[in-house]
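Letter by letter, the chains look like this.
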Amino acid sequence: TNKQDDPFLLINWNVTEIRKTEIAKFKKELMKIDRLKIKTKKNILNALHAFFTWLATEDSDELISLKDIPDFPKISGDDSEPRKALDYDLQIQGIKNIPEEHRDIIEFGCEEFLRPGELCALKIKDIDFDNKTLIVRRTWSGSNLRGNTKQKKWKIKPLTQRAYEIAKKHAKNRFPEDFLFINPKTQKCYRPKTLNNIWKKYSGTDTVYYEGSRHSSLTQLAEAGYDITALKELAGHSDIRTTVKYVHLSLSKLREIANNRKQNIIQISTAKKKVK
């Protein structure tokens, strides 16, 4: 591709020739691509900026210097849709609707607040049955099994009693290197896309699997008023600001309660009249 043919693709450009004007044109063409969400567009621009910074910090006379890095424009806005969350009863009913052959992995994910990629990547050796814990140390990213998590580090999590029972059942008479959950239809490990298809087909809810499992379980705890630092650890968030979003969700529940106070609270004046 020649740089004159497509201003969006900065291909065959010498990085020293790319200035503020070219970056602005890059952003303009990027914003025209409707299939990309704003978050994705931000990530693309941030990646390009990181690339320039990396070039500038490398020890080479042939590369640009930090003072040569062009100014990068900012992308504002947020077109992401709010995630849906199920209350406990709806979540449990959704799990019960799943065919029995697939139900254990679905339930395990809800119990352990795991991301679908992490759940599918669990191996038997990741479970410490003596201490009732698990280690999250890899994840599926598309068709690639990555040897690290989203936060690029391992995470030890407690097993709930129900999760312990499910893990014990699936680890029986098997090897440590085996994946914990095997799809009975393919005889291979599950993939996140498969879990999502199963959940959407059978759960009877209007959520995707991530929403119906991890997101709903965390929201339930937030609405129950549990400490935010405990939620952060259970979720495996590296930044507590991500966990705060769940507290904001619980505030909407509190607002609903406050708005319904007239229907749910007996007026003091009325109550006093009935006392004899």
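For the structure, check the block above.
Residues numbered from 1 in each chain as written. Predicted model: local features only at pLDDT ≥ 70, side-chain atom pairs only at ≥ 80, totals over all residues. Heavy atoms only, no water.

Observations concerning the pattern of salt bridges
When charged atoms on two side chains of opposite charge get close, those side chains can pair.
Link 1 in the chain: According to the stated counting rule, one finds 15 salt bridges in the structure shown.
Link 2 in the chain: Among the ionic pairs, Lys-84 bridges to Asp-206, the shortest N-O distance being 3.5 Å. Highlighted residues: Lys-84 in the loop between α2 (38-57) and α3 (88-97) and Asp-206 in the loop between α7 (192-202) and α8 (209-223), separated in sequence by 122 residues.
Link 3 in the chain: Asp-206 sits in the exposed class, given a relative accessible area of 54%.
Link 4 in the chain: The network of salt bridges with shared partners includes Glu-107, Arg-162 and Glu-165. (Salt bridge = Lys/Arg side-chain N within 4 Å of Asp/Glu carboxyl O. Helix = DSSP H or I, 4+ residues; strand = E, 2+ residues; numbered from the N terminus. Buried < 20%, exposed > 50% of the residue type's maximum accessible area, 1.4 Å probe, protein only.)

Overview of the packing of α8 against helix α10 (residues 240-259)
Think of two packed helices as two axes; the pair is described by the angle between the axes and how far apart they sit.
Link 1 in the chain: Contact geometry of α8 with α10 gives a least axis separation of 8 Å together with a crossing angle of 65°. Accordingly, the angle class assigned to the pair α8 and α10 is roughly perpendicular. Where α8 crosses over α10, the handedness of that crossing is right-handed. Where α8 approaches α10, its residues Tyr-210, His-215, Leu-218, Thr-219, Ala-222 and Glu-223 are matched on the opposing element by Tyr-246, Val-247, Leu-249, Ser-250 and Lys-253.
Link 2 in the chain: Broken down by class, the residue content of the contact of α8 with α10 amounts to six nonpolar, three polar and two charged. (Axes fitted to C-alpha atoms, helices over the stretch in contact; angles between N-to-C directions. Parallel < 35°, antiparallel > 145°, perpendicular 65-115°, else oblique. Left-handed = near helix turned anticlockwise from the far one by under 90°. Contact = heavy atoms within 4.5 Å. Nonpolar A, V, L, I, M, F, W, Y, C, P; charged D, E, K, R; others polar.)

Notes on the sheet that holds strand β1 (residues 127-128)
Link 1 in the chain: Strand order in the open sheet formed by three strands is β1-β2-β5, with antiparallel pairing between adjacent strands. Two strands close off the open sheet at either side, each with one partner strand: β1 and β5 (155-158).
Link 2 in the chain: Relative to strand β2 (residues 133-136), β1 is paired through two bridges, and the arrangement is antiparallel. Paired with Asp-128 across the two strands is Thr-133, which belongs to β2. (Pairing = 2+ DSSP bridges.)

Considerations on the state of the cysteines
Link 1 in the chain: Per the counting criterion, the structure on display carries zero disulfides.
Link 2 in the chain: With no disulfide of its own, Cys-120 lies 6.9 Å from the sulfur of Cys-189, the closest cysteine sulfur.
Link 3 in the chain: When its relative accessible area of 2% is taken as the criterion, Cys-120 is described as buried.
Link 4 in the chain: A relative accessible area of 15% places Cys-189 in the buried class. (Disulfide = S-S within 2.5 Å.)

Side note on the nonpolar core
Link 1 in the chain: Counting residues in each nonpolar core, the largest one holds 33 residues, and the members touching the most others are Ile-106, Phe-108, Leu-119, Leu-180, Phe-181 and Leu-195.
Link 2 in the chain: Of all elements in the fold, only α4 (100-112), α5 (116-121), β2, α6 (161-171) and α7 reach the threshold of two or more residues within this core. (Core = buried A, V, L, I, M, F, W, Y, C linked by side-chain atoms within 4.5 Å.)

Observations concerning a negative patch on the surface
Link 1 in the chain: Side chains of Asp-87, Asp-89, Glu-223 and Glu-256 sit close together on the surface and give a patch of like negative charge.
Link 2 in the chain: Relative accessible area serves as the criterion here: at 44%, Asp-87 is assigned to the partly exposed category. (Patch = residues over 30% accessible without salt bridge, like charges linked within 9 Å, V, L, I, M, F, W, Y side chains within 5 Å. Areas by Shrake-Rupley, 256 points an atom, 1.4 Å probe, with all protein chains shown as cover. Lys, Arg positive; Asp, Glu negative; His and termini not counted. Charge placed at Lys NZ, Arg CZ, Asp CG, Glu CD.)

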